[in-house]
Amino acid sequence: MDFQFTEEQTQLKDLLDRFVAKEYSFDARRKILEGEPQGFSRAVWRKFAELGLLGITLPEEHGGFGGGGLDALIVMEAIGRGLVLEPYLSTVLLCGGLLRDAGNDAQKGEFLPAIIAGERLLAFAHYEPRFRYDLHHIATTAKRQAADYVLSGRKTVVLHGGSADVFIVSARTSGEVLDREGLSLFLVSASAPGVQVRDYRTQDGQRAADVVFENVTVGEAARLGAEGQALAAIERAVDVAIAALCAEAVGAMGALNADTAEYLKTRKQFGVPIGKFQVLQHRMVDMFIHTEQARSMAYLAAVKVHSEDTSERRRALSAAKTLVGQAARFVGQQAVQLHGGMGVTDELAVSHHFKRLTMINLAFGDAEHHLARFSDQLLAKE
Amino acid sequence: MDLNFTAEEQAFREEVRQFVRANLPARISEKVLHGKPLGKEDLEGWQRILHKKGWAGFTWPREFGGTGWSAVQRHIFEEECSAAGAPPIVAFGLLMVAPVIMAFGSPAQQERFLPRILASEDWWCQGYSEPGSGSDLASLQTRAERQGDHYVVNGVKTWNTLGQYADWIFCLVRTKPDARPQAGISFLLIDMKSPGITVRPIRMLDGRDDEVNEVWLENVQVPVENLIGEENKGWTYAKYLLSHERTNIAEVGRSKRQLLRLKQIAAEQRAGAQPLLADPRFRDKIAQIEIDLMALEITCLRVLAAEAQKKGAAPEASLLKIRGTEIRQAISELTLLAAGHHASPYLPEALEDGYSPDPLLPEAHASLAGTYFNDRKVSIYGGSNEIQRNIIAQMILGL
Ligand SMILES: Cc1cc2nc3c(=O)[nH]c(=O)nc-3n(C[C@H](O)[C@H](O)[C@H](O)COP(=O)(O)OP(=O)(O)OC[C@H]3O[C@@H](n4cnc5c(N)ncnc54)[C@H](O)[C@@H]3O)c2cc1C
Ligand SMILES: Cc1cc2nc3c(=O)[nH]c(=O)nc-3n(C[C@H](O)[C@H](O)[C@H](O)COP(=O)(O)OP(=O)(O)OC[C@H]3O[C@@H](n4cnc5c(N)ncnc54)[C@H](O)[C@@H]3O)c2cc1C
């Protein structure tokens, strides 16, 4: 066993720590949040490209660095700490990952260098209204019509869907709503006729969109991977997202713990810093314990996320998402509580980290969903 | 012991239900049931309707124009109002300052203020907390200096709920700076239109800025006749008022209504081939909350009954506050989880008056996350749950 980061990883971590501390202060973020129409800064995105951050996890033959789960973890932890708004998860990790794992040479050649250069943004249009987290729960259809496919359906809470140039869309080429077979993936331009995007801010200050596809025609070349066999690639991409969110949550929890400990030392009531009250000390200790447990699971998720053993991979990822979701809830709620009235205002970073942690728990399956999946897997093993 | 309501109590429930059904405007209940924000008109409108019926003073004794209802009747009344989607009673006038004026105010103050409170002609707000004085309320710094027939008040109050609408504020002020913290405090009634008062909104984590405020008082002149009781005895009155605040915070009726909404959303969401409600794992969580709420309701009735016998608020009210707010937070959290990622869009426009959401659009869940976030306040305000636990430890357990 070895819990050390490599020298390159340590350098990456230092670079990101400096970036978040210097250029992504809470005030700088607030300016982006309130001033940028797309909800993130193109200038910051360009900076990410210049620093090479957009290519860290993408293959070397297309201009990336071929990094793995731990490299993504380092980036996402910093993103969590700084409440970074830029679409790293959607464009680089989710869509870049889908292209890397399922794309053909032409598709990779077209999109990966453009992603790495910060020139193109992609979004994964997958979940649908009212359906919860089952990845095969898809009603959107893609019907064959000669050499083309015609897509129809509705996607919801598409992360950063409003700024995407291109969507990767899941749709049924065969089968019924809950079938595991029959799902395919398509690259669809946001400006294609029949695509309607409704962009909105999300509760944590990020962006998402509802996207309607109405008889959108795409050619065969737009299909990503084999027809009808997309579920494995979707699961893999979502696992990448889950591992990334676990790391982001750990970053957010670390920031919350630091802020809360500081508040306990400085806020005075009854003539003493409130951190002198043992009940608050113990609460803070429990927040710390939760965070360290979550950090361990984020490491596990990062290490297992590209494992070829699917059932082992999914077991680790569900375990991580469960524990991190529970920790996120506890740490977020307690950080607010220990800040008293100040905790429920918009003024401090506390409430923003709390909201982000809440949304991280809900994204790609909450703690309950993944606990159930983990638990069902125990049965399957009998 | 009999845990059933008597025939008279049942009949009373029926009477309240009929009245509320016939008189609660649909426009208001629609907002309440969908978690939309309520404006001054909504809140006052409903209180005026109750007043016309003679029910505004549902916690008041008859001698001041109240209903003189028993604790059980009040409970039934609140439960029926909540179930129908009536807005909450704005507590500051009717439930907080009024009992203080009744118990400690002069006859002139009673005559001047109580009828206007009953008729919702004056909107009151509470000026207790200060930036440096939250849990440690007795450390408050706002000064009131007697100058002839006036007090001159200087200081900053904060977390002032709905003070932007208020005609009057009841304030704790320091009148004797050199005394021990609790000994030099007085209870003043201040006209919000007095020169020198500035109200500044505080933006909350759900993005709204129409809930709490800072209130700045600069050389505000307050006639001596607006002092409640004796100078420097304000702490006694303040504590009396807080014990009233706590009983109301249990909000069993509201939680029952929110539980219904949770079940409705869980029935609409699809988890695989079934509604989420059909998933025993999720259903058990709802069941657990329902059981906790039953226990709270009966405990609430027990505490109210004991208070009625002893004539006065008991420290047991702290346990109602703690459990009431924990259950309320559990419900809003589970409701958020039921909607899942569909609750993540932030769509303030969907909370506006008259907006009717399509159940398939993200608007259907627009209020859920905001409610969950905002509900974090309930374990903080009115004396945080940590402080309530301290009270129980000291006053009941003798620790
Ligand atoms: C099965 C068993 C085997 C043991 N074996 C050995 C042995 O081989 N050799 C040996 O020397 N001892 C042994 N011990 C003793 C053990 O170390 C003590 O029981 C332990 O230190 C607690 O002390 P106590 O029982 O006096 O409880 P107390 O110290 O009286 O504590 C009572 C409670 O108060 C809490 N408490 C105390 N102080 C604080 C504080 N400052 N803040 C918050 N909470 C506090 C404690 O956590 C506990 O819940 C053993 C005990 C047990 C139960
Ligand atoms: C939405 C909202 C509405 C409000 N409305 C009003 C209003 O209308 N009028 C009004 O006067 N006030 C109002 N308040 C103020 C409210 O009463 C205070 O926020 C509350 O008393 C807590 O004070 P604080 O925020 O200063 O937190 P602090 O007192 O600074 O507490 C911070 C943390 O320390 C804990 N703590 C403090 N002391 C102890 C202790 N001795 N032991 C253990 N833990 C402790 C607290 O529980 C909390 O977790 C409102 C507050 C909110 C959030």
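Residues numbered from 1 in each chain as written. Chains lettered and ligands numbered in written order. Predicted model: local features only at pLDDT ≥ 70, side-chain atom pairs only at ≥ 80, totals over all residues. Heavy atoms only, no water.

Things to note about the UniProt feature "domain: Acyl-CoA oxidase/dehydrogenase middle" (unreviewed entry) in chain B
Selection rule: UniProt positions are given in the numbering used here, feature names are shortened, and annotations may be inferred rather than shown by experiment. Each helix is a run of DSSP H or I of at least 4 residues and each strand a run of E of at least 2, with the numbering of both proceeding from the N terminus.
In the numbering adopted here, UniProt assigns the feature "domain: Acyl-CoA oxidase/dehydrogenase middle" (unreviewed entry) to residues 125-220 of chain B. End C-alpha to end C-alpha, residues 125-220 of chain B measures 17 Å, and it is 0% helix and 51% strand.

Quick word on helix α4 (residues 69-82) of chain A
All names here are of chain A. Defined as follows: One fewer than the residue count of a helix, multiplied by 1.5 Å, yields its expected span. Accessible area is worked out with a 1.4 Å probe on protein chains only. A residue is then buried under 20% of its type maximum, exposed over 50%, and partly exposed in between.
In a regular helix each residue adds 1.5 Å, so 14 residues correspond to 20 Å; α4 covers 20 Å between its end C-alpha atoms and thus fits that length. Buried residues dominate α4, accounting for twelve of its 14 residues. When we look at burial in α4, the residues that qualify are G69, D71, A72, L73, I74, V75, M76, E77, A78, I79, G80 and G82. Of the residues flanking the end of α4, it is L83, one or two places downstream, whose phi is positive at about 50 degrees.

Regarding the UniProt feature "domain: Acyl-CoA oxidase/dehydrogenase middle" (unreviewed entry) in chain A
Under the present numbering, the feature "domain: Acyl-CoA oxidase/dehydrogenase middle" (unreviewed entry) in UniProt falls on residues 123-216 of chain A. Taken end to end, residues 123-216 of chain A is 0% helix and 54% strand, and its first and last C-alpha atoms sit 17 Å apart.

Let's talk about the packing of aromatic side chains
Each aromatic ring pair is summarised here by two numbers: the centre-to-centre distance and the angle between the ring planes. Residues and elements named next belong to chain A. Which entries qualify depends on this criterion: Between the rings of Phe, Tyr and Trp (Trp by its six-membered ring), a pair exists once the centres lie within 6.5 Å; its type follows the angle of the planes, with under 30 degrees stacked, over 60 edge-to-face, and the other angles tilted.
Scanning all chains against the criterion turns up 27 aromatic pairs over all chains. Consider the rings of F167 and F213, whose centres lie 6.0 Å apart with planes at 85 degrees: the pair is edge-to-face. Here F213 lies in strand β7 (residues 207-219) and F167 lies in strand β4 (residues 166-172), a separation of 46 residues in the sequence. Each member of the pair, F167 together with F213, is buried.

Looking at the site of ligand 2
Applicable threshold: By convention in this text, a residue qualifies as near a molecule or strand provided that one of its non-hydrogen atoms is within 4 Å of it. Any N or O atom pair separated by 3.5 Å or less is treated as a polar contact, with the protein-specific requirement of one donor-capable and one acceptor-capable atom, and with residues adjacent in sequence counted only for side-chain atom pairs. We get accessible surface area from the Shrake-Rupley algorithm with a probe of 1.4 Å; when it comes to residues, only the shown protein chains can shield them. Each residue is assigned to one of three groups, with Ala, Val, Leu, Ile, Met, Phe, Trp, Tyr, Cys and Pro labelled nonpolar, Asp, Glu, Lys and Arg labelled charged, and all others, Gly among them, labelled polar.
Residues in contact with ligand 2 amount to 32 residues; listed here are only the nearest, A:R267, B:S135, B:W159, B:T161 and B:S384. Chain contributions to the surroundings of ligand 2 come from chains A and B. Between ligand 2 and B:Y128 there is a distance of 2.9 Å, counted from an oxygen atom to a backbone nitrogen or oxygen. At 3.1 Å from a nitrogen atom of ligand 2 is found a side-chain nitrogen or oxygen belonging to B:N390. For ligand 2, whose free accessible area comes to 970 Å², the fraction covered by protein is 95%. Elements that contribute at least two residues to the shell around ligand 2 include exactly α8 (278-304) and α9 (310-338) of chain A together with β3 (150-161) and α12 (385-396) of chain B. Its residues assigned to classes, the shell around ligand 2 comprises 15 nonpolar, 13 polar and four charged.

With respect to the environment of B:A271
For clarity, the cut-off: Any two residues having at least one pair of non-hydrogen atoms within 4.5 Å are treated as being in contact.
Locating B:A271 in the fold gives a position in strand β8 (residues 270-271). For the pair B:A271 and B:K193, spaced 78 residues apart in sequence, the C-alpha separation works out to 55 Å. With near-sequence residues (within four places) excluded, B:A271 lies in contact with A:R132, A:D134 and B:L276.

Let's talk about the domain arrangement of chain A
By a frequent convention, interface size equals the accessible area lost on bringing the separate parts together. Residues and elements named next belong to chain A. Applicable threshold: Delimitation of the domains relies on an automatic or database domain assignment. The buried area of a pairing is the accessible area, by a 1.4 Å probe, that goes missing from both parts when the two are put together, added over both. When a carboxyl oxygen of Asp or Glu is within 4 Å of a side-chain nitrogen of Lys or Arg, the pair counts as a salt bridge.
What the domain assignment lists for chain A is domain 1 (7-119), domain 2 (123-228) and domain 3 (232-381). Centre-to-centre, using C-alpha coordinates, domain 1 lies 22 Å away from domain 3. Counting residues at the interface gives 20 residues for domain 1 and 29 residues for domain 3. Carbon and sulfur atoms make up 73% of the area that domain 1 and domain 3 hide from each other, which totals about 1900 Å². In terms of surface lost to domain 3, no three residues of domain 1 exceed L73, E77 and L83, which account for 24% of the buried area on that side. Applying the counting criterion to the domain 1 and domain 3 interface returns three salt bridges. Notably, a salt bridge pairs D101 with R236, separated by 3.6 Å at the nearest N-O pair. Counting across the interface, domain 1 meets domain 3 through five residue pairs in polar contact (both at pLDDT 80 or more). With eight residues, α4 is the largest single contributor of residues to the side of domain 1 that touches domain 3.

Focus on the pattern of salt bridges
Residues and elements named next belong to chain B. This structure, assessed with the given rule, holds 56 salt bridges over all chains. Measuring nitrogen to oxygen at the nearest pair gives 2.9 Å for the salt bridge that ties K157 to E130. Taken together, the residues span a long stretch of sequence, with K157 in strand β3 and E130 in the loop between β1 (124-127) and β2 (143-147) at a distance of 27 residues. Among the ionic pairs, D191 bridges to K193, the shortest N-O distance being 4.0 Å.

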